[in-house]
Each structure stands twice: as C-alpha cells, then as structure tokens.
Amino acid sequence: MTDSLSTIEIVIWGIITFSILVVLHEMGHFLAARAFGVKVHEFMVGLPGPAIRLHTKNMAWGITAIPLGGYVRISGMEPGPEDELLGDALVLLRDHGSLDAESLAPLLGVPFDRADAILTSLVDWKAATPHGSRFELALDADPAGADARTLADRARATTYRGQATWKRVTILAMGVITNLTVAILTFTVVLSVWGYLAPTTTVETVGEASPAQAAGMLPGDTLIELDGEPIDSWDGFQLLMAETASGQSVTIRVDRDGARLDLDAVLDEKDGHGFLGVGPESVAVRPSVGESLVESLTLTGLVFRSILDLFNPSTFAASVEGVRGPVGISVLAAEAAAAGPLQYAGLVAMLSLSLGAMNILPLPPLDGGKIALEIVERIIRRPVSRGVALGLSAAGALVLFSLIGYIMYADIARLAQ
C-alpha cells in the first residue's frame, strides 16, 4: 500500500498522529496541574516557536508554526533550588510599585544577572507582571504588612514547586496515565464491539517453494504436533518454531480430512530460526468487555516488555527490527487512515500505549526520570542543583536521540528496499 501513498499524505498523517499523541499526553499534565490549583501558562499544539495564541483569563492556548506534537508550560517547573531572595524581591516590588532588574539588583545587593533571574522566576510564578523593562507585583489582595517569607509562600502556593511531593509526582505521571488509559479503553471498546481475527492451527496458505510445500503440506491441514510436541495454538506453534534452526529436519503431524499424516520437512532460515512457510486460517472472535479488558492489559504488558528490550544489549538488535521511528510511524499512520477509521484508531491506541510505556522509564528528561528525581529530592530533603538536573537531562536526551536516530535510519533503510 505504501507505493500508492504520496509523500504529502505521509507527512500530513504523521503530523496529525504525533499531535494527537502528544496533546493527549500533555492534557494529562494540564488537567492534573489545574486540579491541584497550579497555574498554567500555555497549552500549545506544536513545537515551541511562533504561534497563533488565544489568551483567556488565566492562560494562553494556540497552535505553533510547526504543528508537530505539543506542550504545556506549567508555573514553577524550573530545575534547581529557588533563589532565597525571591520573597525579598516581592516586598521590594510591593513597596516601590515597579522595578526593573537594574534597580532591583542594588536593593537586593546582588549582581544584575541574579536580579534578572529572580524577576524571571517571579514572572513564571505569575507573582510579577512585566511592563516593558519594569515589573509590578501581581499577587491578589496583597496584605501591605506581609513579610518576605509570607509573600514567597503565597506566590509559591500556586506553582508546581510549591506542591507536596505526591502532587508533583501525580502531575508528572498523568501524561503517561492518560496515554495508557486512552489506549486500554480504545482497545477494550474495539475488541468488545467489533472483535478481532484470531489465528487458528489450520493452514490457509502454503508458500511457493517453501519447506512446507516440499513436504506435501496443503491448505486445510490442521497442525497437531511438531517433532512430537503438541500444537494447541498458532502462538504455541510459533514458539516451537522459534526454537528450531535453519537446515533442521522436523516432522509435522497434521490432520487432513480426519486422517493423521506425518510430514517431513527441512527448514529454511528466517529471523534467526527455522522457517516452514505456512500461514494460518483466522476466525472472527468477539470477546466480552471483561475479556477485552484482559486482552488490552496483556497487550500493555507486552508493549512494556518490548520497550525494555530496546535497552537490553542482548535483545536490542532483534527488538529494533519491530520498532518504527517518526518516518515509519508516519507511513503506518497514512496506511491505517487509508484503510479506515477503525484501523487508524487502533494504530493511535497502540502508539499511545507505546508512548506511555516509553515515558515512564526512569531516564531524564522523560517523565519517569523526573519522577525518579522527585523521589531522590524527597529522600535527601533538598532540591538537586540546577547544574546536576540539567546534566542528567542532557545525558538522557543524548541516549534517547541516539536511539531515535538509529530507528529513523532503520526506517529509511526499510523504505529504500
């Protein structure tokens, strides 16, 4: 089907699909932040850059010039410990009406760069409002006699860093939880309403010039045993085949019109193990809602396992063969969209599941890495320094981008074949 798709179709469906996935993820962060009363600056569809914004009372919504993915900007998520002079700066803003960084610096007794960073943090906390180069206090109903600590506590209360650890972890985890929940619900509905095709042990196709054809196997034969090992399902047959090798002689017992036959075959090689060359008949199955939920949860476990295999040197090569990067996903999205809404919904659900599984890994800058950092900070009872936090994120990003780059290379190589 790929040959019939234009490049523009692949690009458009890639953009739509990635945007859906990321918006779902960021919506989880957004809803959790708002539920805890944390201020949110922006909810944007697309990568950071020039954008069309709609400003409401408390935040901005919009679409950027590169509508691929999305992000939510939450108040108080800057890394590292907060400046100890933030409260003093709030007092000075209140008492002077407005100040710029140049005039704030000598009042605090700090260099210009630190005063500028303090004002930047207060704007991020929505505790100060910029007017040109000058800044005014933005706290509601500010008591005139409040001291620096009281003002800082009030400003911090509606920021991410002002929340209890369990709330911060919840905000971070809700992106993953949303991706997994949407995927599991989608699979459960699709399976229970429309069902699925399940492979049986009855042979439907026999490959031309395959070991199965040479052994005399025919469509309609039912697989019973492989070298004496019973075959009770197609998955079971595949597991048995995974233990064979190229050139190995095997005996397959089949049922043909009620008669049992033993067929001898010499296996070819495929994917590092023996290959017989048969395809199964499939039957329509419509499970109950409960059964569909169990199937969805089982699939979730398999996806988590496949993600972990990418970081295992012994399974990396085999695992990456089944993984698709941005290029491959865009092709799959275009093919699924052309096949119909049900197929596209299933693909988005699978990708949402994969995105959630990947993001929970304890690797900065992923959500799982940020959660791990929050737990570490809780244990040591102080924030990790800004330099350490940024360094960990940079190291994690290098690993992730290297993996994504390799997968993209594999995508392009497969398309070029």
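The structure reproduced in this document is the subject of the present report. Owing to the predicted nature of the structure, the values given are computational and were not obtained by experimental measurement.

### Some thoughts on the overall build of the protein
Line of reasoning, step 1. The number of helices and strands found in the protein is 14 helices and 14 strands.
Line of reasoning, step 2. Relative to the 2.2 N^0.38 estimate, which gives 22 Å for 417 residues, the radius of gyration of the protein is 29 Å and therefore markedly larger than a compact globule would have.
Line of reasoning, step 3. Considering only C-alpha atoms, the protein reaches an extent of 95 × 45 × 40 Å along its principal axes.
Line of reasoning, step 4. For the protein, the computed accessible surface area is about 21800 Å², with 62% contributed by carbon and sulfur atoms.
Line of reasoning, step 5. Here the protein holds 28 positive side-chain charges and 46 negative ones, and the gap between their average locations is 14 Å.

### Describing a nonpolar patch on the surface
Line of reasoning, step 1. Where nonpolar side chains cluster on the molecular surface, the patch consists of I8, V11, I12, I16 and I20 and spans about 380 Å² of accessible area.
Line of reasoning, step 2. Considering the arrangement of structural elements, one finds I12 in helix 1 (residues 7-35).

### A closer look at the nonpolar core
Line of reasoning, step 1. Judged by nonpolar contacts, the single largest core of 27 residues is most densely connected at L90, L93, L104, L108, I118, L122 and A127.
Line of reasoning, step 2. Looking at this core, the elements that each hand over two or more residues are helix 2 (86-96), helix 3 (101-108), helix 4 (112-124), strand 6 (134-137) and helix 5 (148-156).
Line of reasoning, step 3. Residues within four places of L122 in sequence aside, it is in contact with L86, A89, L90, L93, A127 and A128.

### Considering the environment of G301
Line of reasoning, step 1. Here G301 shows up in helix 9 (residues 289-309).
Line of reasoning, step 2. Counting along the chain gives 288 residues from G301 to W13, while the straight-line C-alpha distance between them is 27 Å.

### Some words on the packing of aromatic side chains
Two aromatic rings, taken as a pair, are described by how far apart their centres are and by the angle between their planes.
Line of reasoning, step 1. Across all of its chains, the model carries six aromatic pairs by this definition.
Line of reasoning, step 2. Between F30 and W61, the ring centres sit 5.4 Å apart and the planes meet at 70°, which makes this aromatic pair edge-to-face. Residue F30 is located in helix 1, and its partner W61 is located in strand 3 (residues 60-64); the two are separated by 31 residues in the primary sequence.
Line of reasoning, step 3. Owing to a relative accessible area of 7%, F30 belongs among the buried residues under this scheme.
Line of reasoning, step 4. On the basis of an interplanar angle of 45° and a centroid distance of 5.1 Å, the ring pair of W234 and F237 is categorised as tilted. Of this pair, W234 and F237 both sit in helix 8 (residues 234-242), three residues apart, roughly one helical turn. In this pair, the class of W234 matches that of F237, namely buried.
Line of reasoning, step 5. Members of the aromatic cluster, joined through ring pairs, are F30, F43 and W61.

### Focus: unusual backbone geometry
Line of reasoning, step 1. Across the junction of P364 and P365, the peptide omega takes the value 5°, indicating a cis bond.
Line of reasoning, step 2. Positive phi, normally seen in glycine, also occurs at K126, with a value near 60°.
Line of reasoning, step 3. Owing to a relative accessible area of 22%, K126 belongs among the partly exposed residues under this scheme.

Conventions and cut-offs
- Residues numbered from 1 in each chain as written.
- Predicted model: local features only at pLDDT ≥ 70, side-chain atom pairs only at ≥ 80, totals over all residues.
- Heavy atoms only, no water.
- Helix = DSSP H or I, 4+ residues; strand = E, 2+ residues; numbered from the N terminus.
- Rg over C-alpha atoms; globule rule 2.2 N^0.38 Å.
- Areas by Shrake-Rupley, 256 points an atom, 1.4 Å probe, with all protein chains shown as cover.
- Lys, Arg positive; Asp, Glu negative; His and termini not counted.
- Charge placed at Lys NZ, Arg CZ, Asp CG, Glu CD.
- Patch = residues over 30% accessible without salt bridge, like charges linked within 9 Å, V, L, I, M, F, W, Y side chains within 5 Å.
- Salt bridge = Lys/Arg side-chain N within 4 Å of Asp/Glu carboxyl O.
- Core = buried A, V, L, I, M, F, W, Y, C linked by side-chain atoms within 4.5 Å.
- Buried < 20%, exposed > 50% of the residue type's maximum accessible area, 1.4 Å probe, protein only.
- Contact = heavy atoms within 4.5 Å.
- Phe/Tyr/Trp six-rings, centres within 6.5 Å; stacked < 30°, edge-to-face > 60°.

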